[in-house]
Amino acid sequence: ILVAAFIIGYLFDILSYRFFGFFYRLRKRQKISEKSLIAIKERYPDMDIRFNSNDWSTLFVFIRIYNLELSQVIDKFNADSIMFRNFSFGFFLFFAVYIVDFFKSGNWILIIYATITFMFFLMANTRSNDLRGRFFKQIFRASLAYGKNIAEVVEYNDKERTGKLKAGRSGKKTKVTP
């Protein structure tokens, strides 16, 4: 049962991602990563932040390298966002079933059920988008500790690697060079 649940969950995740992505493209909405970066730039206007909204995945890799615990906290926002997106998709499917059943049977109680499930759909979708925004904001905010643009973050990684101290045979600490 667990394997079947995992496979079904994985397939529904793909479907829900495509479903919501289709509607975002239809509405020509701004990507959540772009909104999040704009919010961070507005919150810290004096910092001259030069990240691109598409840099989030690379920045997240470096956060995982520099601070695994922080990356796990940030990753929880993404996991919760996916969970709520899938809940939202499930509520939308229930909504569609209730509407179809109403037209088949004419039973007005189904409209009430459809309305309730549609409200749950909207709440879960809103929560999913909120958590997704927090995911991106935390990535950009945490990355500021390492640099204000992608080049500085990569450069920070190089400095960390070359600046680490290593105890030699004599017990003296010497710098390690690549």
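Structure: see above.
Residues numbered from 1 in each chain as written. Predicted model: local features only at pLDDT ≥ 70, side-chain atom pairs only at ≥ 80, totals over all residues. Heavy atoms only, no water.

Chemist: What should I look at first to understand the environment of Ala-151 in this one?
Modeler: With respect to the helices and strands, Ala-151 occurs in helix α6 (residues 150–163). Along the primary structure Ala-151 and Arg-50 are separated by 101 residues, whereas in three dimensions their C-alpha atoms are 9.8 Å apart. (Helix = DSSP H or I, 4+ residues; strand = E, 2+ residues; numbered from the N terminus.)

Chemist: How should helix α3 (residues 56–66) be read in this particular structure?
Modeler: For an α-helix the count is 3.6 residues per turn, leaving residues at separations of three or four pointing the same way. When α3 is considered as a whole, its buried residues turn out to be Leu-59, Phe-60, Phe-62, Ile-63 and Tyr-66. The buried residues of α3 occupy an angular sector of 160° when projected down its axis, which confines them to one face. (Buried < 20%, exposed > 50% of the residue type's maximum accessible area, 1.4 Å probe, protein only. Arc of directions from axis to C-beta.)

Chemist: I'm lost on the packing of α3 against helix α4 (residues 68–105) in this one. Help?
Modeler: Geometry of a packed helix pair, given as the angle between the helix axes and the separation of the axes. At a minimum axis distance of 5 Å, the contact between α3 and α4 shows a crossing angle of 135°. Relative to α4, α3 is oriented oblique. Residue-level inspection shows Phe-60, Ile-63, Arg-64 and Tyr-66 of α3 in contact with α4, the latter providing Leu-68, Leu-70, Ser-71, Ile-74 and Asp-75. Here the contact of α3 with α4 is built from residues that sort into six nonpolar, one polar and two charged. (Axes fitted to C-alpha atoms, helices over the stretch in contact; angles between N-to-C directions. Parallel < 35°, antiparallel > 145°, perpendicular 65-115°, else oblique. Contact = heavy atoms within 4.5 Å. Nonpolar A, V, L, I, M, F, W, Y, C, P; charged D, E, K, R; others polar.)

Chemist: I'm lost on unusual backbone geometry in this one. Help?
Modeler: Glycine aside, a negative phi is what most residues show, and trans is what most peptide bonds show. In this structure, Asp-48 takes a positive phi of about 55° despite not being glycine. Of note, Asp-48 is situated in the loop between α2 (32–43) and α3. Given the relative accessible area of 46%, Asp-48 is considered partly exposed.

Chemist: Just checking my understanding: could you explain the pattern of salt bridges for this structure?
Modeler: As enumerated under the stated definition, the model contains six salt bridges in all. Here Arg-50 and Asp-48 are joined by a salt bridge, their closest N and O atoms 2.8 Å apart. Accessibility expressed as a relative area gives 41% for Arg-50, which makes it partly exposed. Between Asp-80 and Lys-76 there is a salt bridge, with its nearest N and O atoms 2.7 Å apart. One end of the pair is Asp-80 and the other is Lys-76, both in helix α4 and four residues apart, which spans about a single turn. (Salt bridge = Lys/Arg side-chain N within 4 Å of Asp/Glu carboxyl O.)

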